[in-house]
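# Examining the three-dimensional arrangement
For reference, the chains in residue letters:
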Amino acid sequence: MEGYSINAETITERIGYITRVQSFSACHRLHSKALSDEENKKVFGKCNNPNGHGHNYKVEVTVRGKIDRRTGMVMNLTDLKQYIEEAIMIPLDHKNLDKDVPYFVDVVSTTENLAVYIWDSLVKLLPPNLLYEIKMHETDKNIVVYRGE
């Protein structure tokens, strides 16, 4: 457009969202110490199998922040990838959640609680107020969203 110019100093700060997708495999048993064996079987059904069962989880980690004028990024994806490795892949991939992850000794290893665990782990690593959402795909049909609330 004639007479139209963009001055970087006058552009309003823009907010962007970045999502990184990561997959991992883990097994667990849905079982609550607060319930009797009969109640656990009734509530969790086949997922209460004493030998557990496994999932190929897909997790979407979304960060939200100002798009830096100098770099053009909300954050460096290389950094986000490293945080995901540290908070998700190392402690969870190819693990028995109930036996290998201390957090789940007294917390039922539902996908909802797994999303909370991942949130709590990532929020300690990421710059403040950057983490926006954890979206867990337990199966193609079962998806959990957690936003730190």
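This section reports on the structure supplied with the text. (Residues numbered from 1 in each chain as written. Predicted model: local features only at pLDDT ≥ 70, side-chain atom pairs only at ≥ 80, totals over all residues. Heavy atoms only, no water.)

As a further point, take the sheet that holds strand β3 (residues 95–96). The mixed open sheet is built from 5 strands, whose spatial order is β3-β1-β2-β4-β5. Of all the strands in the sheet, just β3 and β5 (143–146) have a single pairing partner and so form its edges. As judged from the 14 bridges shared by strand β1 (residues 15–28) and strand β2 (residues 53–66), these two strands associate in the antiparallel manner. Looking at β2, one finds that Ala26 is bridged to His55. Across the sheet, helix α2 (residues 77–92) touches β1, β2 and β3, and the angle it forms with β1 is around 20°. Set on the sheet, helix α4 (residues 111–123) makes contact with β1, β2, β4 (131–137) and β5; between it and β4 the angle comes to about 145°. (Pairing = 2+ DSSP bridges. Helix = DSSP H or I, 4+ residues; strand = E, 2+ residues; numbered from the N terminus. Contact = heavy atoms within 4.5 Å. Axes fitted to C-alpha atoms, helices over the stretch in contact; angles between N-to-C directions.)

What follows covers α2. With 16 residues, α2 should reach 22 Å at 1.5 Å per residue; the first-to-last C-alpha distance of 21 Å fits that figure. Glu85 marks where α2 bends most, by close to 40°. Taken residue by residue, α2 has Leu80, Ile84, Ala87, Ile88, Met89 and Leu92 as its buried positions. Contact partners of the buried residues in α2: β1, β2, β3, α3 (97–100) and α4. You can read the cap of α2 off the contacts: a side-chain oxygen lies 2.8 Å from the backbone nitrogen of Thr78, and it is on Asn76. At the exit of α2 stands His94, carrying a positive phi of roughly 60°. (Expected span 1.5 Å × (residues − 1). Bend = angle between axes of the 7 residues up to and from the residue. Buried < 20%, exposed > 50% of the residue type's maximum accessible area, 1.4 Å probe, protein only. Polar contact = N/O pair within 3.5 Å; in protein donor to acceptor, adjacent residues only side chain to side chain.)

Summed over all chains, the structure comprises 0 disulfides. Free of any disulfide, Cys27 has its nearest neighbouring cysteine sulfur in Cys47, separated by 13 Å. Given the relative accessible area of 27%, Cys27 is considered partly exposed. (Disulfide = S-S within 2.5 Å.)

With that out of the way, let us pick up the side chain of Asn48. Tracing the chain through its elements places Asn48 in the loop between α1 (37–44) and β2. The residues touching Asn48, leaving out its near neighbours within four places in the chain, are Arg29, Leu30, His31, Asn40 and Lys41.

Of all 7 residues in β4, 5 are buried, a share of seventy percent or more. In this sheet, β4 lies alongside β2 in antiparallel orientation, the contact comprising 6 bridges. Across the sheet, Thr62 pairs through a bridge with Glu133, a residue of β4. Here 4 bridges tie β4 to β5, and the two strands are oriented antiparallel to one another. Its bridge partner lying in β5, Ile134 is registered against Tyr146. Between the antiparallel neighbours β4 and β5 lie 5 residues.

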